[in-house]
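Read off the chains here:
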Amino acid sequence: MTGDLLQGLLQAIQPASLAATGVGCLLGIVAGMIPGMTISAAMIIVLPLTFVLDPNVSIGLFLGLYAGGMLGGSFSAILLNIPGTPSSAATALDGYPLVARGQAGRALGMAVSASFCGGLFSALCLFLIAPRLADLALQFRSADLFSLVFLGLTIICSFASRSWIKGLLSAVIGLAIVTVGQDPVMGTARFTFRDPNLLSGVHFLTALIGLFAIPQLIENLHGNSPGGAIGLGVPGRPGSPDSPGSPGGRNGTAPAAGAIELRKLLPAFADLRRIRLPVGIGSAVGTFLGILPGAGGPIAAFISYDYAKKATGRGDRFGQGAVEGVAAPEAANNAVTGGALIPMMTLGIPGDPVTAILIGALLAHGLAPGPLLFVERADFAYGLMFSFFWANVFNLLIALAGLRLLVKVVAAPRTLLMPAVAILCVVGAWSLRNSIFDVYVMFGFGLLGLAMKWLDMPVVPLLLALVLGRQLEENLRIALTGSQGDITMFFTSPFSALFLGLSVVSVVWSVVGARRQRAP
Amino acid sequence: MATVLQHGVEYRLAEDGRSTGDASRLSMLLAALLAGFGLFGPPAAAQYPERAIEFVIPFDAGGSADIEGRLLAEEMGAVLGVTLVPVNRPGAGGALAYSYVNDADPDGYTVMWTSTSILTITNLGNVPFGFDALDHIGRVEHQPLVFAVATDSPWSDIDSLAGDCGNRGRPIRIANSGTGSTTHLGALAVMQEVGCEAVHLPIGTRRRNATVLSGEADAMVAPLTGALSLFRAGRLRFLASLGADRNPIIADVPTARELGIDVEFDLFRGLSVPMGTPAEVQARLADAMTRAASSDAFQRLADDLGLTVAPLIMGPFEALLRREDARVRAIIQSADTLTP
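As the structure is a prediction and not an experimental result, all values here were calculated from the model.

J.: I tried to follow the packing of helix H5 (residues 117–124) of chain B against helix H12 (residues 314–334) of chain B on my own but got confused; where do I start?
T.: Any two packed helices are characterised by how steeply their axes cross, that is the angle between the axes, and by the distance between the axes. Residue and element names in this part refer to chain B. Look at H5 against H12: their axes get within 9 Å of each other, and the N-to-C directions meet at 50°. As far as their axial angle goes, H12 and H5 are oblique. Handedness of the crossing formed by H5 with H12: right-handed. On the side of H5, the interface is formed by Leu-119, Thr-120, Asn-123 and Leu-124, while H12 contributes Leu-321, Glu-324, Asp-325, Val-328, Arg-329 and Ile-332. Of the residues that constitute the contact of H5 with H12, the class distribution is five nonpolar, two polar and three charged.

Structure representation (structure tokens):
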């Protein structure tokens, strides 16, 4: 065992492996920043290259891409209010307002530090307690997953506190949209109007690009300073000011391009202390949800955001540019990466779509991830863990080194930046399934986003419903199919009961909190 | 009628070689045979691949079926001298990709990585055409479905599982990869044969194995390649293979037929093109496919995955498709309903 451990360490610190990991991080960050360009897509692009590389080198490249992509997605969410990946949607909620206040460097610094901590925490879990965690995750049945997703959905309440009707309506629209496509249990077509393009439903990322990017682009049409879009960033974001002009809000009051703070690029000590708790929450939640097959990054990011909001006692600042609101989802989505590697390494079961690709890529090298990997190729298994550790270190170094360049993105002339973003949105929507139909869907969601903004309706509940709706239905119906309609297991299974209990707490907390805010 | 003797195989040709569908298929076969034996490349096909060929993959990027397709495309590109560009068109169990290829120009520049799903999708009516709406180049490999339980489950053979059916206060639950998928049909067929009314859980590929290990499902039907690593690690027990013959990788596992269960379900992958693609082009593709399938790189991947590489081109492949199509239709029709 010690021999394999050492062998693994040596493999991971070979110059070629290290270089591949670094290149992977860089590519991942770039790919993650492009809206619609998923980590999965980036991995597929480099896949043929890895056929000729040594497995240890390939795995470094892939893990770099994985960790880098998670971080890169947040950069565009923070800088442009256009999440590059689904997992980074929660980061935009507070990241973009920080940029609007001229603190792009601070926001990015927080994101990078939190991502590093989250990634490192999950790497430690992977290294120390992977088998035990995987066995725990195996106890989760459909009923438990349903309750977990249900808990995720109750977060809607904390985004709907300004207007319950608008918030819940937004969520219902989302849930209605996810019913389009094949019925998950019967396999029959629902609301497809005999169009095969609708059979697999609306791709979440297509909707995300439309909902976030199109209103953002329209906003930029009639505000030519970088501050033009500010304050209206996320439609109806939580607790956003009732008077449109409060914190750095009104058009024209925002700093001009040159005023954007470039000095404070390294995260300040005071900020780091402030994000201790949110990072802790995000790391734990992210790692754990990463392990559960199918739960994935977006739900981890939103749950962490919500818990950080409740636990830090600064909930009123969330949504207006709180560093805690950037740190929690960032720590979570990078912790998901290590978490998702746990069932892959120990059971050969992918935790998310990216690890599914990783399994395929390793198989192409004749390495089958799963319980046997530690028996047959323990050196490789440990090498993978060390590579994952290095990927997180490179992520931190590359991102910190590149911050100066990155913040300039916000300062770039809008006349260049916005057309580029528009093109990327169309290309991104198209490339998900190589389908022009998805581009129309993306524009359709753009119109929906504009309408919701005009109605001052929060968009986050819609987003959550889109991410979670399908899993909610699938798990509920499969659980009920298995139990033949008996619902007791939702309450007798300890995990399910725990999640349902937390759901009640989450709803009550939001309702009471909202009432207290309105009282004075 | 003219009789042609070629490599010991006797073919009867119609007077007008192109007037009937059968005859044109026959000439395709001939051309393929000749090309396959490397005797000569048909002159028309010499110009054929002039530019990149779109290689449509009906699966999500990154799964083992996708990676296998990509490797085949790469190896075929080496044979044909042009690039085969893999394009993923996932969604609706392959229905989107099949519709796309059905509508594509039959010029040989759209080739599809087909699987058994073409038989399930067409028979379920998810696309408005049958499997024969496309021309089929050939099969590359095949693998059996397996009937698996967790190692810590009380059943060591299908009989004991069937014996427990209905005596446990709840029905037997069998996981599959999705309603109407081949794994679902395989499970339906086996349970029908042993006379057990089971509950079928369409759990999807991602969580299918996990539900068997956790005990949420009592058993599952899965493609061999999807369950092999857990089997080798001793976490899964295979009660039966649904293949036609014993698979050398799992030589100890009996076939359903040996157990007296009249079910046979092999999964295959191969190539298809839009209907009406010129015969010379099809022959050229069949030749490239056969050579790519026997390349070292592809053989190695197939070995690692647990696939049996067995190229089968055009005529015999069409016959196989027709036979399997009837089988799939029979299972779908005999199940009162596909719902759990």
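J.: How do you make sense of the nonpolar core when you look at a structure like this?
T.: Core analysis: the largest hydrophobic core is formed by 172 residues, its most contacted members being A:Phe302 and B:Met76. Built from parts of two domains, this core gets at least three residues from each of domain 2 (51–142 + 266–332) and domain 3 (144–264) of chain B. What B:Met76 contacts, discounting residues up to four positions off in sequence, is B:Leu84, B:Leu271, B:Leu285, B:Ala288, B:Met289 and B:Ala292. B:Leu145, B:Ile174, B:Leu242 and B:Phe268 belong to the second largest nonpolar core, which has 52 residues in total.

J.: Help me out: how do you make sense of the pattern of salt bridges in this one?
T.: A side chain of one charge can pair with a side chain of the opposite charge if their charged atoms are brought near each other. Residue and element names in this part refer to chain B. Under the defined criterion, the tally for this structure stands at 22 salt bridges over all chains. Ionic pairing is found between Arg-257 and Asp-262, a salt bridge with its closest N-O pair at 2.7 Å. A network of salt bridges, in which partner residues are shared, links Arg-257, Asp-262, Glu-264, Glu-324 and Arg-327.

J.: What should I look at first to understand the interface of chain A and chain B in this one?
T.: Counting from both sides, the interface comprises 46 residues of chain A and, opposite them, 43 residues of chain B. At the surface where chain A touches chain B, the tally comes to zero salt bridges. Counting across the chain A and chain B interface gives six residue pairs in polar contact (both at pLDDT 80 or more). Going through the elements one at a time, helix H3 (39–51), helix H6 (104–138), helix H7 (142–154), helix H15 (353–364) and helix H20 (460–483) of chain A are the ones with two or more residues in the side of chain A that touches chain B.

J.: Where do I start with the packing of helix H14 (residues 323–347) of chain A against H15(A) in this structure?
T.: Residues and elements named next belong to chain A. In contact at an axis separation of 10 Å, H14 and H15 are set at 40° when each is read in the N-to-C sense. By the angle between their axes, H14 is oblique relative to H15. Read as a crossing pair, H14 and H15 show a hand that is right-handed. Residue-level inspection shows Ala-340, Leu-341 and Met-344 of H14 in contact with H15, the latter providing Thr-355, Leu-358, Ile-359 and Leu-362.

Rules used in this analysis
Residues numbered from 1 in each chain as written. Chains lettered and ligands numbered in written order. Predicted model: local features only at pLDDT ≥ 70, side-chain atom pairs only at ≥ 80, totals over all residues. Heavy atoms only, no water. Axes fitted to C-alpha atoms, helices over the stretch in contact; angles between N-to-C directions. Helix = DSSP H or I, 4+ residues; strand = E, 2+ residues; numbered from the N terminus. Parallel < 35°, antiparallel > 145°, perpendicular 65-115°, else oblique. Left-handed = near helix turned anticlockwise from the far one by under 90°. Contact = heavy atoms within 4.5 Å. Nonpolar A, V, L, I, M, F, W, Y, C, P; charged D, E, K, R; others polar. Core = buried A, V, L, I, M, F, W, Y, C linked by side-chain atoms within 4.5 Å. Buried < 20%, exposed > 50% of the residue type's maximum accessible area, 1.4 Å probe, protein only. Domains from an automatic or database assignment. Salt bridge = Lys/Arg side-chain N within 4 Å of Asp/Glu carboxyl O. Polar contact = N/O pair within 3.5 Å; in protein donor to acceptor, adjacent residues only side chain to side chain.

The values are spatial; any link to function lies outside them.
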